[in-house]
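Descriptive structure summary
Residues per chain, in single letters:
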Amino acid sequence: MARSDRGLHHILLEVRDLPASERFYLGVLGFSLRRREPFRDGRPFLTTQEGLGLVQAAGEQTGLTGHLAFRLPDVPGLVEAVKQAGHRVLRPLGPGPYGSTAYVADPDGNEVELIAEEAP
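Values in this document were obtained by computation on a predicted structure and should not be read as measured data. (Residues numbered from 1 in each chain as written. Predicted model: local features only at pLDDT ≥ 70, side-chain atom pairs only at ≥ 80, totals over all residues. Heavy atoms only, no water.)

Let us look at the overall build of the protein. Helix and strand content of the protein: 2 helices and 8 strands. The helix and strand sequence of the protein, counted from the amino end, reads β-α-β-β-β-β-α-β-β-β. Across the 120 residues that make up the protein, the buried fraction comes to 37%. Long-range contacts, defined here as pairs at least 24 residues apart, represent 50% of the contacts in the protein between residues at least 6 apart. Only carbon and sulfur atoms are counted for the fraction: they give 49% of the accessible area of the protein, which is about 7600 Å². (Helix = DSSP H or I, 4+ residues; strand = E, 2+ residues; numbered from the N terminus. Buried < 20%, exposed > 50% of the residue type's maximum accessible area, 1.4 Å probe, protein only. Contact = heavy atoms within 4.5 Å. Areas by Shrake-Rupley, 256 points an atom, 1.4 Å probe, with all protein chains shown as cover.)

Quick look at the structure:
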């Protein structure tokens, strides 16, 4: 399948506790740090190689509407790592429209879909 020149580039997520979110996304889910720098208004900010930006929330409002979805290796192992790290599994691994999926909650309660894509 040819890669399109259009598609999702990145997601910016405002979080209550940047270190806790960094531990979840980088430590538990295994994302790779791309860059750490001040956000345009000076708040702490980091980006990952996977297209996720995390910025310390300026106020009480955090998160997003709906959910985040990431294609990742070893989803069963990640679900176990999420449990071991004390985070919630919202829906265990099962069939989904893009392959086998599980839903977990990040430290801010955002729903994160973990997708183990099946070959086309």
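Right, picking up where we left off after that structure.
A few words now on the side chain of D106. Position of D106 among the secondary structure elements: in the loop between β7 (99-105) and β8 (111-117). Within the buried core, D106 has no salt-bridge partner, and the shortest N-O distance to an opposite charge, that of R16, equals 6.7 Å. Within the local environment of D106, its side chain forms a polar contact with the side chain of Y25, the two groups lying 2.7 Å apart. Within polar-contact distance, the side chain of D106 engages the backbone nitrogen of N110 at 2.9 Å. With sequence-adjacent residues up to four places away left out, D106 is seen in contact with L13, F24, Y25 and V112. (Lys, Arg positive; Asp, Glu negative; His and termini not counted. Salt bridge = Lys/Arg side-chain N within 4 Å of Asp/Glu carboxyl O. Polar contact = N/O pair within 3.5 Å; in protein donor to acceptor, adjacent residues only side chain to side chain.)

Let's shift gears to the environment of L29. Secondary-structure assignment places L29 in the loop between α1 (18-28) and β2 (33-38). Sequence separation of L29 and L72 is 43 residues, and the distance between their C-alpha atoms is 8.3 Å. Contact partners of L29, with chain neighbours within four places excluded, come to F24, L78, V82, V112 and L114.

Across 5 bridges, the pairing between strand β6 (residues 89-96) and β7 is antiparallel. The residue bridging G96 from the neighbouring strand is G99, located in β7. Once β6 ends, the chain turns through 2 residues before running back antiparallel as β7. (Pairing = 2+ DSSP bridges.)

So, about the packing of aromatic side chains. Summed over all chains, the structure comprises 4 aromatic pairs. With 6.0 Å between their ring centres and 50° between their planes, Y25 and F31 make a pair best called tilted. In this pair, the class of Y25 matches that of F31, namely buried. Where F31 meets F70, the ring centres are 4.8 Å apart and the plane angle is 80°; that geometry is what we call edge-to-face. Of this pair, F31 sits in the loop between α1 and β2 while F70 sits in strand β5 (residues 67-71), and the two are 39 residues apart along the sequence. (Phe/Tyr/Trp six-rings, centres within 6.5 Å; stacked < 30°, edge-to-face > 60°.)

For Y25, the position within the fold is in helix α1. By relative accessible area, Y25 is classed as buried at 0%. Beyond its immediate chain neighbours, meaning those up to four positions away, Y25 contacts L13, G30, F31, L52, L54, L68, F70, D106 and V112.

With that out of the way, let us pick up the sheet that holds strand β1 (residues 11-15). Sheets are built from strands paired through backbone hydrogen bonds, the pairs being either parallel or antiparallel. The sheet built from 4 strands is open, its strands ordered β1-β4-β3-β2 with mixed pairing. Of all strands in the sheet, those with a lone pairing partner are β1 and β2, marking the two edges. Taken pair by pair, the neighbouring strands of this sheet meet at an average axis angle of 20°, ignoring direction. Pairing of strand β3 (residues 44-48) with strand β4 (residues 52-56), which is carried by 3 bridges, proceeds in the antiparallel orientation. (Axes fitted to C-alpha atoms, helices over the stretch in contact; angles between N-to-C directions.)

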